[in-house]
Amino acid sequence: MSFYIAGTGSALPKKVVSNDDLSKIVETNDEWIRTRTGIRNRRVLTDETLTQLSTEAAKNALADAAVAPEKVDLVLCATLRGDTITPSQACLTAAELGITAPCFDVNAACSAMLYCFEIADSFIGTGKAETVLVLACEAMSKQIDWSDRSTCVLFGDGAAAVVLRKGEGLLGHSVACFPNGKTIYTPAYEGESIFSTREKQKVALHMDGQETYKFAVNVMIAQMETVLARAGLCAEDIDFVLPHQANKRIIEAAAKRFKIPDEKVLVNIDAYGNMSATSIPVLLDEAARAGRFKKGDKLLFVAFGAGMTAAAAILTWNK
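Everything numeric in this text was worked out from a predicted model, so none of it was measured.

### Digging into helix α2 (residues 30-37)
Turning to step 1, where the next piece is worked out: You can read the cap of α2 off the contacts: a side-chain oxygen lies 3.2 Å from the backbone nitrogen of Glu-31, and it is on Asn-29.
Turning to step 2, where the next piece is worked out: Just past α2, the residue Gly-38 takes up positive phi, approximately 85 degrees.

### Description of unusual backbone geometry
Turning to step 1, where the next piece is worked out: Cis geometry marks the peptide bond from Thr-86 to Pro-87, where omega comes out at 5 degrees.
Turning to step 2, where the next piece is worked out: Here the amide bond leading from Gly-307 into Met-308 is cis, since omega sits at -5 degrees, within 30 degrees of zero.
Turning to step 3, where the next piece is worked out: As for its position among the elements, Met-308 is in strand β13 (residues 307-316).
Turning to step 4, where the next piece is worked out: Of note, the phi angle at Ala-66 is positive, near 55 degrees, even though the residue is not glycine.

### Re the sheet that holds strand β11 (residues 240-243)
Turning to step 1, where the next piece is worked out: Read from one edge to the other, the open sheet built from 4 strands follows the order β8-β13-β12-β11, with strand pairing classed as mixed. Bordering the open sheet on either side are β8 (170-180) and β11, each of which pairs with just one other strand. The sheet shows a mean angle of 10 degrees between the axes of neighbouring strands, taken without regard to direction.
Turning to step 2, where the next piece is worked out: With 8 bridges connecting them, β8 and β13 associate as antiparallel partners. Its bridge partner lying in β13, Leu-170 is registered against Leu-315.
Turning to step 3, where the next piece is worked out: The strands touched by helix α5 (residues 112-125) within the sheet are β8, β12 (298-305) and β13, with β8 carrying the most contacts at an inclination of about 125 degrees.

Reading guide: rules and limits
- Residues numbered from 1 in each chain as written.
- Predicted model: local features only at pLDDT ≥ 70, side-chain atom pairs only at ≥ 80, totals over all residues.
- Heavy atoms only, no water.
- Polar contact = N/O pair within 3.5 Å; in protein donor to acceptor, adjacent residues only side chain to side chain.
- Helix = DSSP H or I, 4+ residues; strand = E, 2+ residues; numbered from the N terminus.
- Pairing = 2+ DSSP bridges.
- Axes fitted to C-alpha atoms, helices over the stretch in contact; angles between N-to-C directions.
- Contact = heavy atoms within 4.5 Å.

Don't take any of this as a statement about function, it's just geometry.
And the structure:
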């Protein structure tokens, strides 16, 4: 016995930052960004907090699933960093919802949402939980160097939530890691210890774009092959692919390998940029609320992230 998706929700900052807006901050332009990434706009936090966004997303998902907060047995939050280093963002959001179940964050970068699926499967499969609230929220605008045009154009902020319940839905899943701390990393803030002799680094995301692109295309193809094999399916059996929204060219390259038609590959990177772990669940919520899925559809999720992590899952849509 595994889980099915019972409800989805999302919440986004109100401020939209366009490529033209960024051209006034760094030396770039709309055409350069669009042709290389597929991004036109992104949302960024202003006066909102991640806790406010994640709470709104969770309420939307719980309402969609018709599940009361007290029925939640576990709260997982996919995030690079919440509003506080401690408590976890999962705890902050649960407090707002009145949930008293175990809560913890999962940092697997952009793959974290699918890592949470793996953890939820373990809790549900062993009988430790029947209902799991999976959150994803990222404040990427606070983690990038706004003077670095190679990274600041790529990312956006947002929150989403998915309610998973005991039942049949998960057909196959895979999580993987190819340990690497150099391709994508963000140095930690080390505080003001009077004993530290280490040279302080700017606390901002660093990324080797070329290495990231090569890794992303290869690992997404590999993860799709793995999860299809574990589910006993072929690419033609999949109704929709929901890939991590990092770069449109990466998505197109992976889809081309499996000859998946464009209409089956869901993309919203143009509106939101790369929201890290939040990308896939926002994409899922938007498609679900737009009526894109019908009961019985097979959805393939695939992601990669810093670490370097990767993951994929196939679920039957049961709503």
